[in-house]
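What the coordinates show
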Amino acid sequence: MALNSKPKSSRWLIAYTNIWFKTSWLDKNKAKKLKLRSKADSDTAGEIGAPMPGNIIEVKVKVGQQVKKNDVLIVMSVMKTETLIHASADGVVKEIFVEVGGQVAQNDLVVVLDVGEVKLK
């Protein structure tokens, strides 16, 4: 691969060090290992994000599990306090993006529900 060419599956990674910065291409597989997460879209009913930064203590659901609105999906520890992440609508768990012991930032995508035609009010 040429020095300045872009790999087929990549993202930009910009690392700031004091006043210096470095840009480089980051392979998607490396991004997964670094736990780079997408942000939840508040306009999409099935995307559920972390309410604030914290650590994941417990994942209470599995992919394919049916959930009802307000069911507890994830238990987080935020400043030594347990915080619950609830289902925003009835649906089926499509994807889970966190695991026990992992850390999340505010609004990081943690769970995606397949809610069909259900819309948020």
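This is a predicted model, so every value here is computed, not measured.

So, about the environment of Phe97. Among the secondary structure elements, Phe97 is positioned in the loop between β8 (91-96) and β9 (103-104). Linking Phe97 and Val110, residues 13 residues apart in sequence, is a C-alpha distance of 4.9 Å.

The next point concerns the nonpolar core. The biggest cluster of nonpolar side chains holds 20 residues, and the ones touching the most others in it are Leu73, Ile74, Met76, Val110 and Leu113. For this core, the secondary structure elements donating two or more residues are β6 (72-78) and β10 (109-114). Ranked by residue count, the leading element in this core is β6, at four residues. If we skip the residues at most four places from it in the chain, Val110 touches Ile48, Gly49, Ala50, Ile85, Glu95, Ile96, Phe97, Val98 and Val104.

Turning our eyes to something else, we now look at the sheet that holds β10. Read from one edge to the other, the open sheet built from four strands follows the order β3-β10-β8-β5, with strand pairing classed as antiparallel. The sheet terminates laterally at β3 (47-49) and β5 (66-67), the two strands that pair on one side only. Inspection of the sheet shows β5 paired to β8 by two bridges, in the antiparallel sense. The partner of Gln66 across the bridge, within β8, is Val92.

This part covers the pattern of salt bridges. By the definition in use, this model includes two salt bridges. In this structure, Asp108 engages Lys39 in a salt bridge whose closest nitrogen and oxygen atoms are separated by 2.7 Å. Taken together, the positions of Asp108 in the loop between β9 and β10 and Lys39 in the loop between α1 (28-33) and β3 put the pair 69 residues apart, joining distant regions of the chain. Overall, the relative accessible area of 46% leaves Lys39 in the partly exposed class. The closest approach of N and O atoms between Lys60 and Glu58, which form a salt bridge, is 3.5 Å.

Now for the pairing of strand β4 (residues 54-59). Side-chain positions along a regular strand alternate between the two faces of the sheet. With two bridges connecting them, β4 and β9 associate as antiparallel partners. Paired with Asn55 across the two strands is Gln103, which belongs to β9. Strand direction decides the pairing type here: β4 and β6, joined by four bridges, are antiparallel. In the strand pairing of β6, Asn55 is matched with Ser77.

Interpreting fine coordinate detail is not advised for predicted regions of low pLDDT. Across the protein, pLDDT averages 77, with 66% of residues at or above 70. Every residue in residues 19-23 scores below 50 in pLDDT, and together they form 10 contacts with partners more than four places removed in sequence or on other chains. Confidence drops under a pLDDT of 50 for residues 117-121, and excluding neighbours within four residues, the segment shows seven contacts in the predicted structure.

Reading guide: rules and limits
Residues numbered from 1 in each chain as written. Predicted model: local features only at pLDDT ≥ 70, side-chain atom pairs only at ≥ 80, totals over all residues. Heavy atoms only, no water. Helix = DSSP H or I, 4+ residues; strand = E, 2+ residues; numbered from the N terminus. Core = buried A, V, L, I, M, F, W, Y, C linked by side-chain atoms within 4.5 Å. Buried < 20%, exposed > 50% of the residue type's maximum accessible area, 1.4 Å probe, protein only. Contact = heavy atoms within 4.5 Å. Pairing = 2+ DSSP bridges. Salt bridge = Lys/Arg side-chain N within 4 Å of Asp/Glu carboxyl O. pLDDT = per-residue confidence, 0-100.

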